[in-house]
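# Summary of the model geometry
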Amino acid sequence: IIAANRGPDEATLHLLPTLWFRNTWSWSEETARPVIRAAKGGVGARWSVSASHETLGDYRLYGREPAELLFTENESNSERLWGVPNSQPHVRDAFHRRVVEGHADATNPAMQGSKFAAWYERKIPAGQSIQLSLVLAAGAPDRPFTRSEVVFASRQSEANVFYDELLPTAEPDD
């Protein structure tokens, strides 16, 4: 993720890359609830989470830069929406309540749920940018960032070729 401050003054930016499972478990008692939880990181990772789903399998999301890890359930806030008690103490709007409203108890302190975000709060000088490195991998590789720069450069090159063919008269800034 590359985030740029194009303004004339230093600015604080809040980035929340999010990983979640679509809520299908509340449709049927036969569907198991998937889980995302804090995990031990690989070489070069400052944090990682494991994501396990009965049909999709097991994945890991790794972050190279430090972040605050936020967890909740991907379930509607029934109390706020319909005036009925929530089935879970930590619900879908928890990240907004934590980041925007400052409610530290909105997210799950047990560091697990069906929805996850890494909260990056960064001050970016005017005209500057920052880069955050994330890797999503099947299984749990020991060195998740080993090829990330090569893969990213390859995908960027593929995107450039695609857009050069799609919009041959466009300027680079377009």
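Quick note: structure is the one above.
Residues numbered from 1 in each chain as written. Predicted model: local features only at pLDDT ≥ 70, side-chain atom pairs only at ≥ 80, totals over all residues. Heavy atoms only, no water.

## Things to note about the overall build of the chain
- Tallying secondary structure elements over the chain gives 3 helices and 11 strands in all.
- Secondary structure of the chain in N-to-C order comes out as β-β-β-β-β-β-β-α-α-β-β-β-β-α.
- Counting only C-alpha atoms and orienting by the principal axes, one finds that the chain spans roughly 55 × 40 × 35 Å.
- Buried residues in the chain amount to 35% of all 174 residues.
- Within the chain, residue pairs in contact and separated by at least 24 positions form 61% of the contacts whose partners lie at least 6 positions apart.
- Looking at the chain as shown, the accessible area adds up to about 11,200 Å², and 51% of this sits on carbon and sulfur atoms.
- Averaging the locations of the 18 positively and 23 negatively charged side chains of the chain gives two centres separated by 6 Å. (Helix = DSSP H or I, 4+ residues; strand = E, 2+ residues; numbered from the N terminus. Buried < 20%, exposed > 50% of the residue type's maximum accessible area, 1.4 Å probe, protein only. Contact = heavy atoms within 4.5 Å. Areas by Shrake-Rupley, 256 points an atom, 1.4 Å probe, with all protein chains shown as cover. Lys, Arg positive; Asp, Glu negative; His and termini not counted. Charge placed at Lys NZ, Arg CZ, Asp CG, Glu CD.)

## Observations regarding a nonpolar patch on the surface
- Taken together, the side chains of Phe162, Tyr163, Leu166 and Leu167 present a nonpolar region at the surface, about 430 Å² in accessible area.
- Following the sequence through the fold, tyrosine 163 ends up in helix α3 (residues 148–166).
- Here tyrosine 163 falls in the partly exposed class, since its relative accessible area comes to 47%. (Patch = residues over 30% accessible without salt bridge, like charges linked within 9 Å, V, L, I, M, F, W, Y side chains within 5 Å. Salt bridge = Lys/Arg side-chain N within 4 Å of Asp/Glu carboxyl O.)

## Things to note about the packing of aromatic side chains
- Per the stated rule, a full pass over the model turns up 3 aromatic pairs.
- Considering the side-chain rings of tryptophan 47 and phenylalanine 116, the 5.5 Å spacing of their centres and the 50 degrees angle between planes classify their relative orientation as tilted. Highlighted residues: tryptophan 47 in strand β5 (residues 47–53) and phenylalanine 116 in strand β9 (residues 115–124), separated in sequence by 69 residues.
- Here phenylalanine 116 falls in the buried class, since its relative accessible area comes to 0%.
- Where phenylalanine 71 meets phenylalanine 116, the ring centres are 5.1 Å apart and the plane angle is 50 degrees; that geometry is what we call tilted. One end of the pair, phenylalanine 71, is in strand β7 (residues 68–72); the other, phenylalanine 116, is in strand β9, with 45 residues separating them in the sequence.
- An aromatic cluster of three or more residues is present, and its members are Trp47, Phe71 and Phe116. (Phe/Tyr/Trp six-rings, centres within 6.5 Å; stacked < 30°, edge-to-face > 60°.)

## Examining the nonpolar core
- One finds Leu19, Ile36, Trp47, Val49 and Phe116 to be the most contacted residues of the largest nonpolar core, which totals 18 residues.
- Broken down by secondary-structure element, the contributors of at least two residues to this core are β5, β7 and β9.
- When near neighbours in sequence (up to four residues on either side) are disregarded, tryptophan 47 contacts Leu61, Tyr62, Gly63, Glu65, Ala67, Leu69, Phe116, Ala118, Tyr120 and Leu134.
- Within the second largest apolar cluster, 7 residues are counted, among which are Leu70, Ala94, Phe95 and Ala106. (Core = buried A, V, L, I, M, F, W, Y, C linked by side-chain atoms within 4.5 Å.)

## Focus on unusual backbone geometry
- One non-glycine residue, methionine 111, lies in the positive phi region at around 60 degrees.
- Looking at where methionine 111 falls in the secondary structure, it is placed in the loop between α2 (94–99) and β8 (112–113).
- The partly exposed category is assigned to methionine 111, whose relative accessible area is 29%.

## As for the sheet that holds strand β11 (residues 134–138)
- With antiparallel pairing, the 5 strands of this open sheet are ordered in space as β8-β4-β5-β6-β11. This sheet does not close on itself; its edge strands, each paired only once, are β8 and β11.
- Relative to β5, strand β4 (residues 35–39) runs antiparallel, the two sharing 5 bridges. Counterpart to alanine 38 in the pairing with β5 is valine 49. (Pairing = 2+ DSSP bridges.)

## Description of the environment of alanine 67
- Tracing the sequence through the fold places alanine 67 in the loop between β6 (57–63) and β7.
- In sequence terms alanine 67 and alanine 110 are 43 residues apart; their C-alpha atoms lie 17 Å from each other.
- Setting aside residues no more than four positions away along its own chain, alanine 67 makes contact with Trp47, Ala118, Trp119 and Tyr120.

## Things to note about the environment of arginine 147
- Locating arginine 147 in the fold gives a position in the loop between β11 and α3.
- The exposure class of arginine 147 is exposed, given its relative accessible area of 53%.
- A sequence separation of 84 residues divides arginine 147 from glycine 63, and the C-alpha atoms of the two residues are 14 Å apart.

## Overview of the side chain of arginine 98
- Topologically, arginine 98 is positioned in helix α2.
- In contact with arginine 98, other than residues within four places in its own chain, are Glu68, Leu70, His103, Ala104, Ala106, Thr107 and Trp119.

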